[in-house]
Amino acid sequence: MTTTATAATTTGEPQPRIPEEGHHRDVNGGWLRPAVFGAMDGLVSNLALMTGVVGGDVGHRTIVLTGLAGLAAGAFSMAAGEYTSVASQRELVEAEIEAERLELRRNPHGELAELAQLYTARGVDPELAHEVARQLSRDPEQTLAVHAREELGVDPDDLPSPLVAAASSFACFAVGALLPVLPYLLGATALWPALLLATAGLFLCGAVVARVTARSWWFSGLRQLVLGGAAAGLTYLLGSVIGGRIG
Ligand SMILES: [Zn+2]
């Protein structure tokens, strides 16, 4: 955040800014961000589901079954959604790369000029831009990779895998969703051990998210706690109202 801000406001001398490996925060959050959000999603939704059922005053068996069913339903739904989302995005990118491959074969000179133009637009002298474009266009695969990166912003050899995305979001959701069920699975009969475990998990998730967002860990942790607590409290209320009516 601060590095980009200083780079943007520097109007005089061009500042050489060489990003070292590991120097920058991963602004996309990498794998940590989706993992934590997936776990948090599982935690909040399953905690809310279970407190709703507990509020309805049902037996131990029903609570455990509800928790496990909520875990499975949520994890499968997350995985399916993630698979479809990543697969369709990937198909779109692959179609664009194919179009670019075709264009490179059909009109190599025009594509070379286009690439040079991109560098000129960024402030490189036209002659040098043309030379750079020419040197980057020596073999077809490299040329395609350069065009994909410059025009589509993707690395054709490193497209996200829908299967990996689906499996990891399944696992993350399941881990979060397991927390409120765990005490019941181990024989607990009261709600408080599940609440305690879920609360700790929510705080932990919030604190880990703070590592990504550069917020203070306790603020982020508390915010998660309040949000998750509100969700659980409201469904508990809903469960006890409806449970009383239909019981
Ligand atoms: Zn191109």
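Remember, predicted model here, so these are calculated numbers, not experimental data.

Observations regarding the overall build of the chain
Okay, step 1: Broken down by element type, the chain carries 9 helices and 0 strands.
Okay, step 2: Listing every helix and strand of the chain by position from the N terminus yields α-α-α-α-α-α-α-α-α.
Okay, step 3: In the chain, which comprises 247 residues, the proportion classed as buried is 32%.
Okay, step 4: Counted over contacts in the chain with a minimum sequence separation of 6, partners at least 24 positions apart contribute 69%.
Okay, step 5: Put simply, the chain shows about 15500 Å² of open surface, and 63% of that area lies on carbon and sulfur atoms.

Considerations on the packing of aromatic side chains
Okay, step 1: In the structure shown here, the tally under the stated rule is 2 aromatic pairs.
Okay, step 2: Ring centres of F76 and F170 lie 5.0 Å apart, and the angle between their planes is 65°; on these two criteria the pair is classed as edge-to-face. Here the residue F76 occupies a position in helix α3 (residues 60–106), and F170 occupies one in helix α7 (residues 162–185), the gap between them amounting to 94 residues.
Okay, step 3: Here F170 falls in the partly exposed class, since its relative accessible area comes to 27%.
Okay, step 4: Aromatic side chains F203 and W217 sit 6.1 Å apart centroid to centroid with 90° between the ring planes, which places their arrangement in the edge-to-face category.

Quick word on helix α2 (residues 32–55)
Okay, step 1: Along its 24 residues, α2 runs 34 Å from first to last C-alpha, staying within 8% of the 34 Å computed at 1.5 Å per residue.
Okay, step 2: Once α2 ends, the next one or two residues include D57, with phi positive near 60°.

Quick word on the state of the cysteines
Okay, step 1: According to the stated counting rule, one finds 0 disulfides in the structure shown.
Okay, step 2: The thiol of C172 is unpaired, and the distance to the nearest cysteine sulfur, on C205, comes to 9.6 Å.
Okay, step 3: The exposure class of C172 is buried, given its relative accessible area of 16%.
Okay, step 4: A residue is classified by how much of its surface remains accessible, and C205, at 10% relative accessible area, is buried.

Re the pattern of salt bridges
Okay, step 1: The tally for this structure, following the rule as stated, stands at 6 salt bridges.
Okay, step 2: With a closest N to O distance of 3.2 Å, E141 and R101 form a salt bridge. Of this pair, E141 sits in helix α6 (residues 140–152) while R101 is found in helix α3, placing the two residues 40 residues apart along the sequence.
Okay, step 3: Between R134 and E131 there is a salt bridge, with the nearest N and O atoms lying 2.9 Å from each other. Taken together, the positions of R134 and E131, both in helix α5 (residues 126–136) and 3 residues apart, correspond to about one turn of that helix.
Okay, step 4: Several salt bridges converge on common partners, so that one network encompasses E98, R101 and E141.

Remarks on the nonpolar core
Okay, step 1: Residues V36, A39, M40, L43, L47, A198, L202, C205, V209 and A232 constitute the largest nonpolar core, which totals 10 residues.
Okay, step 2: Top contributing element to this core by residue count: α2, with 5 residues.
Okay, step 3: When near neighbours in sequence (up to four residues on either side) are disregarded, V209 contacts V36, F37, M40 and S220.
Okay, step 4: Membership of the second largest hydrophobic core comes to 9 residues, among which are I63, V64, V181 and A194.

Focus: the environment of L104
Okay, step 1: Along the chain, the position of L104 falls in helix α3.
Okay, step 2: Between the C-alpha atom of L104 and that of H147, which follows or precedes it by 43 residues, the distance is 9.1 Å.

Things to note about unusual backbone geometry
Okay, step 1: Phi at D57 takes a positive value of approximately 60°, unusual for a residue other than glycine.
Okay, step 2: Positionally, D57 belongs in the loop between α2 and α3.

What to know about the confidence of the model for the chain
Okay, step 1: On average, the chain scores 84 in pLDDT, and the residues at 70 or more come to 87%.
Okay, step 2: Taken together, the stretch residues 1–21 has pLDDT below 50 and engages in 6 contacts with residues farther than four places along the chain or on a different chain.

Thoughts on the packing of α2 against helix α9 (residues 217–246)
A pair of packed helices is characterised by two quantities: the angle between their axes and the separation of those axes.
Okay, step 1: Close contact between α2 and α9 brings their axes to 6 Å; oriented N to C, the two are set at 25°. It follows from the interaxial angle that α2 and α9 lie roughly parallel. Considering only the axes of α2 and α9, their crossing is right-handed. Two secondary-structure elements touch here, α2 through M40, V44, L47, A48, T51, G52, V54 and G55 and α9 through Q224, G228, A231, A232, T235, Y236, G239 and S240.
Okay, step 2: When its residues are assigned to classes, the contact of α2 with α9 shows 8 nonpolar, 8 polar and no charged.

Analysis parameters
- Residues numbered from 1 in each chain as written.
- Predicted model: local features only at pLDDT ≥ 70, side-chain atom pairs only at ≥ 80, totals over all residues.
- Heavy atoms only, no water.
- Helix = DSSP H or I, 4+ residues; strand = E, 2+ residues; numbered from the N terminus.
- Buried < 20%, exposed > 50% of the residue type's maximum accessible area, 1.4 Å probe, protein only.
- Contact = heavy atoms within 4.5 Å.
- Areas by Shrake-Rupley, 256 points an atom, 1.4 Å probe, with all protein chains shown as cover.
- Phe/Tyr/Trp six-rings, centres within 6.5 Å; stacked < 30°, edge-to-face > 60°.
- Expected span 1.5 Å × (residues − 1).
- Disulfide = S-S within 2.5 Å.
- Salt bridge = Lys/Arg side-chain N within 4 Å of Asp/Glu carboxyl O.
- Core = buried A, V, L, I, M, F, W, Y, C linked by side-chain atoms within 4.5 Å.
- pLDDT = per-residue confidence, 0-100.
- Axes fitted to C-alpha atoms, helices over the stretch in contact; angles between N-to-C directions.
- Parallel < 35°, antiparallel > 145°, perpendicular 65-115°, else oblique.
- Left-handed = near helix turned anticlockwise from the far one by under 90°.
- Nonpolar A, V, L, I, M, F, W, Y, C, P; charged D, E, K, R; others polar.

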